[in-house]
Amino acid sequence: MLEITDLHATVADKPILKGLSLSINAGEVHAIMGPNGAGKSTLGYTLGGRPGYEVTGGAIRFAGQDLLALAPHERAAAGLFLGFQYPVEIPGVSFVQFLREAANAQRRSRGEEPLSGGEFLKLAREKAGLLRMDMDMLKRPVNVGFSGGEKKRAEMVQMGILDPKLAILDETDSGLDIDALRIVGEGINAIMRAPGKAVLLITHYQRLLDYVKPDFVHVLAAGRIVRSGGPELALELEEQGYEAVVA
Amino acid sequence: MSEALVLPTRRDEDWRYADAAFLAASDPATLMQWSEWTIAPGETRRDYRVLASGALAGGTVERLRVHVGAGGRFELGLVNAAGRYARFEAEVTLAEGAHFEFGGVTIGGGDNVQEVVTRVLHAEPGATSNQIVRAVQWGRATGNFLGRIEVARDAQQTDAGQNFKAILLEAGASANTKPELEIFADDVKCAHGAAIGALDETAGFYLASRGLPPAEARKLLIRAFIADAFAAITDEEARLRLLDEALAVLDGEAP
């Protein structure tokens with residue numbers, strides 16, 4: 001589903017990713033772990049196509065397409081979802097307003113019928129319920145006045161509504177208390193644990209992986225994947241720290 | 001009387017950002033004309049107007065002078081989307097306990113110069129006014145808001161607010177604002193704020209990452225931005241119409 005080959009990327013002319021390769025198949029959950037500054041968030045933003053994150057080498061194939069040839073909104077329509085570490089607050093624009101437009105823009109580009117207002121609200125209510133989020137919160141301006149945990153849950157509600165093929169979740173576990181962590185973990189499983197779907201979890205800690213069990217764990221350091229393994233690698237990292245494992 | 005015959009130039013403080021060629025070519029009798037309205041005590045008048053894009057090639061100046069009687073209310077919504085020089089001017093005098101609510105938007109590109117000029121006179125005690133102006137410009141266009149608030153000696157408990165924000169979509173566009181306060185009473189609340197910037201790129205990427213095409217994302221953000229100006233307009237239908245009129249300019253012309 002996702003094939004990253006020898007990816008090099010710079011931010012403000014500073015090389016961050018230096019030859020990263022990664023292959024993710026449908027049905028798999030991958031976790032990328034690594035110390036601060038390793039390039040984890042840069043990988044997420046580069047896959048999402050954020051302006052300012054410049055690819056200077058390598059290739060990315062996603063669902064049979066050249067991902068780098070697609071604009072951010074086209075990547076979303078192709079089935080890629082980026083969960084933000086710091087979800088953006090947008091005063092004056094409500095979740096339901098923009099999500100319906102976004103969902104229908106995606107559907108149009110895939111040649112599908114747009115959702116009616118009623119159909120959309122039903123879908124939104126169902127996904128909000130999955131994340132135990134009050135539907136009224138989705139009528140409020142995007143992320144404005146939300147706590148850190150509410151923002152992360154709202155990200156997962158959006159993921160549920162948009163129904164992507166591949167979710168790249170950048171530190172979705174940060175800012176969550178113990179209960180919210182479980183709710184978010186179960187939400188990810190409910191939405192993304194399906195044939196034809198895949199997840200890339202970007203995280204510092206083992207704790208989210210207790211709920212969303214990864215098939216593969218990778219260690220990212222200095223812009224490259226330096227080790228890959230099964231779920232046991234996350235436990236080893238948790239016990240010994242990055243320094244010991246990376247060295 | 002004499003005022004009607006003197007042609008302003010850019011040396012006049014109130015006309016410093018105006019289009020000099022347009023002024024020079026204008027007939028002073030037309031240019032300096034005022035529409036005069038009186039709102040009776042306790043009454044409310046609402047006025048919503050659009051200076052439309054493309055309607056006038058050379059320029060247009062509309063001047064409105066309103067006296068609001070005691071306890072009266074004047075609600076004014078304006079979209080200035082015209083070119084090449086388009087100026088809307090309001091001079092509002094508030095009697096005791098009267099209120100002036102103003103929401104204005106300038107929006108346009110090309111070489112347009114779009115101005116909103118207000119002078120609000122709090123002539124008697126307890127009057128309130130609230131002015132919110134938003135500018136969205138691109139190309140080499142300019143959006144201006146000159147807002148003057150005058151509080152008379154006896155006009156205690158005046159509460160006057162003024163807020164201007166501009167978004168410049170391209171590097172060549174500009175915005176000017178000049179708040180002026182002249183206060184002769186001592187128990188008065190006057191607030192003003194101004195900010196000029198670009199569209200929030202982070203918000204744009206966030207919306208795009210959910211699948212919104214750039215033009216739609218930008219429209220949503222600009223709609224939210226200018227909606228501030230019309231938030232206090234009580235007539236829901238008029239509020240939406242003003243928003244649509246402003247956004248229609250964006251559809252046709254923006255980069």
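Going by what an unreviewed UniProt entry lists, chain B is known as SufD family Fe-S cluster assembly protein and is assigned to Novosphingobium album.

In the nomenclature of an unreviewed UniProt entry, chain A is known as Fe-S cluster assembly ATPase SufC of Novosphingobium album.

Asker: Hey, could you run me through the overall build of chain A in this one?
Answerer: The helix and strand inventory of chain A stands at seven helices and 12 strands. Taking 247 residues into account, the globule formula puts the C-alpha radius of gyration at 18 Å, and chain A, at 18 Å, falls close to it. Taken along its principal axes, the extent of the C-alpha atoms in chain A is 55 × 40 × 35 Å. Counting over 247 residues, chain A shows a buried share of 54%. At a minimum sequence separation of 6, the contacts of chain A that also span at least 24 residues come to 69%. Working note: accessible area of chain A is about 10300 Å², and carbon and sulfur atoms make up 51% of it. Distance between charge centroids for chain A: 4 Å, based on 27 positive and 31 negative side chains.

Asker: Any chance you could explain the packing of aromatic side chains here in plain terms?
Answerer: For any pair of aromatic rings, the description consists of the separation of the ring centres together with the inter-plane angle of the planes. Throughout the structure, instances matching the rule amount to 12 aromatic pairs over all chains. On the numbers, 5.7 Å between centres and 50° between planes, the contact of Phe84(A) with Phe205(B) is tilted. Placement of Phe84(A) in the loop between β6 (80-83) and β7 (90-94) and of Phe205(B) in helix α3 (residues 201-209) is noted, with the two residues assigned to different chains. Using a relative accessible area of 2% as the deciding quantity, one classes Phe84(A) as buried. Given the relative accessible area of 4%, Phe205(B) is considered buried. Between Phe95(A) and Phe146(A), the ring centres sit 5.5 Å apart and the planes meet at 45°, which makes this aromatic pair tilted. In this pair, Phe95(A) sits in helix α3 (residues 95-109) while Phe146(A) sits in the loop between β8 (141-142) and α5 (148-162), placing the two residues 51 residues apart along the sequence. In textbook terms, an aromatic cluster arises when at least three aromatic residues are bridged by ring pairs, as seen for Tyr45(A), Tyr53(A), Phe84(A), Phe98(A), Phe205(B) and Tyr206(B). Taking the ring centre of Trp15(B) as reference, the NZ or CZ of Arg87(B) above it sits at 3.5 Å. A cation over an aromatic ring shows up here: Arg210(B) above the ring of Tyr206(B), its NZ or CZ 4.6 Å from the ring centre.

Asker: Can you walk me through the sheet that holds strand β11 (residues 174-183) of chain B in this structure?
Answerer: Strand pairs in the sheet, formed through backbone hydrogen bonds, run parallel or antiparallel to each other. All names here are of chain B. Spatially, the six strands line up as an open sheet ordered β1-β3-β5-β7-β9-β11, and their pairing is parallel. Each of the sheet's edge strands pairs with one partner strand only, and the pair in question is β1 (35-39) and β11. If you compare each strand with its neighbour and ignore which way they point, the axes differ by 10° on average. Pairing of strand β7 (residues 113-122) with strand β9 (residues 142-151) involves 10 bridges; the strand directions are parallel. In the sheet register, histidine 122 faces β9, and the bridge partner there is valine 151.

Asker: In this structure, what is going on with the UniProt feature "domain: SUF system FeS cluster assembly SufBD core" (unreviewed entry) in chain B? I would like to understand it.
Answerer: The sites that carry the UniProt feature "domain: SUF system FeS cluster assembly SufBD core" (unreviewed entry) are, in the present numbering, residues 62-225 of chain B. Across residues 62-225 of chain B one finds 13% helix and 59% strand; the C-alpha atoms that close the span lie 25 Å apart.

Asker: Hey, could you run me through the environment of Phe102(B) in this one?
Answerer: Residues and elements named next belong to chain B. In this structure, phenylalanine 102 sits in strand β6 (residues 99-108). Under the relative-accessibility criterion, phenylalanine 102 is labelled buried at 1%. Sequence-wise, phenylalanine 102 and isoleucine 132 are 30 residues apart; in three dimensions their C-alpha atoms are separated by 6.3 Å. With residues up to four places along the chain from it excluded, the contact list for phenylalanine 102 reads Leu76, Leu78, Val116, Thr118, Asn130, Gln131, Ile132 and Val133.

Asker: Which parts of the structure should I look at to understand the nonpolar core?
Answerer: Where a protein is soluble and globular, its nonpolar side chains tend to be buried together. Phe98(A) and Leu201(A) are the most contacted members of the largest nonpolar core, which totals 89 residues. Per-element accounting of this core gives the leading share, seven residues, to helix α6 (residues 178-192) of chain A. Beyond its immediate sequence surroundings of up to four residues, Phe98(A) is in contact with Val93(A), Val142(A), Gln158(A), Tyr206(B), Leu207(B), Arg210(B), Leu212(B) and Leu220(B). Within the second largest apolar cluster, 29 residues are counted, among which are Ile39(B), Ala90(B), Val92(B) and Leu168(B).

Asker: Where do I start with unusual backbone geometry in this structure?
Answerer: Excluding glycine, most residues fall at negative phi; most peptide bonds, likewise, are trans. Backbone torsion omega between Gly83(B) and Arg84(B) reads -10°, so that peptide bond is classified as cis. Take Arg84(B): it is sitting in the loop between β4 (73-80) and β5 (85-94). Positive phi values are uncommon outside glycine, yet Asp6(A) reaches one of about 50°. When you line up the elements, Asp6(A) lands in strand β1 (residues 2-11). A positive phi angle, near 55°, is found at Asp163(A), a position not held by glycine. Summarising the element assignment, Asp163(A) is placed in the loop between α5 and β9 (166-170).

Asker: Any chance you could explain the interface of chain A and chain B here in plain terms?
Answerer: Interfaces are frequently sized by the accessible area removed from exposure as the parts join. Listed as interface residues are 30 residues of chain A and, on the opposing side, 17 residues of chain B. Contact between chain A and chain B buries roughly 1900 Å² in total, counting both sides, with carbon and sulfur atoms accounting for 69%. Where chain A meets chain B, there are two salt bridges. Between Glu155(A) and Arg210(B) there is a salt bridge, with the nearest N and O atoms lying 2.7 Å from each other. Linking chain A to chain B there are eight residue pairs in polar contact (both at pLDDT 80 or more). Among the elements of the structure, α1 (40-48), α2 (72-77), β6, β7, α3 and α5 of chain A are those that each provide at least two residues to the side of chain A that touches chain B. Sorting elements by how many residues they give to the side of chain A that touches chain B places α3(A) first, with seven residues. Classifying every residue of the side of chain A that touches chain B gives 18 nonpolar, eight polar and four charged.

What counts and how
- Residues numbered from 1 in each chain as written.
- Chains lettered and ligands numbered in written order.
- Predicted model: local features only at pLDDT ≥ 70, side-chain atom pairs only at ≥ 80, totals over all residues.
- Heavy atoms only, no water.
- Helix = DSSP H or I, 4+ residues; strand = E, 2+ residues; numbered from the N terminus.
- Rg over C-alpha atoms; globule rule 2.2 N^0.38 Å.
- Buried < 20%, exposed > 50% of the residue type's maximum accessible area, 1.4 Å probe, protein only.
- Contact = heavy atoms within 4.5 Å.
- Areas by Shrake-Rupley, 256 points an atom, 1.4 Å probe, with all protein chains shown as cover.
- Lys, Arg positive; Asp, Glu negative; His and termini not counted.
- Charge placed at Lys NZ, Arg CZ, Asp CG, Glu CD.
- Phe/Tyr/Trp six-rings, centres within 6.5 Å; stacked < 30°, edge-to-face > 60°.
- Lys NZ or Arg CZ within 6 Å of the ring centre and 35° of its normal.
- Pairing = 2+ DSSP bridges.
- Axes fitted to C-alpha atoms, helices over the stretch in contact; angles between N-to-C directions.
- UniProt positions renumbered as here; feature names shortened; annotations may be inferred.
- Core = buried A, V, L, I, M, F, W, Y, C linked by side-chain atoms within 4.5 Å.
- Buried area = accessible area lost by both parts, 1.4 Å probe.
- Salt bridge = Lys/Arg side-chain N within 4 Å of Asp/Glu carboxyl O.
- Polar contact = N/O pair within 3.5 Å; in protein donor to acceptor, adjacent residues only side chain to side chain.
- Nonpolar A, V, L, I, M, F, W, Y, C, P; charged D, E, K, R; others polar.

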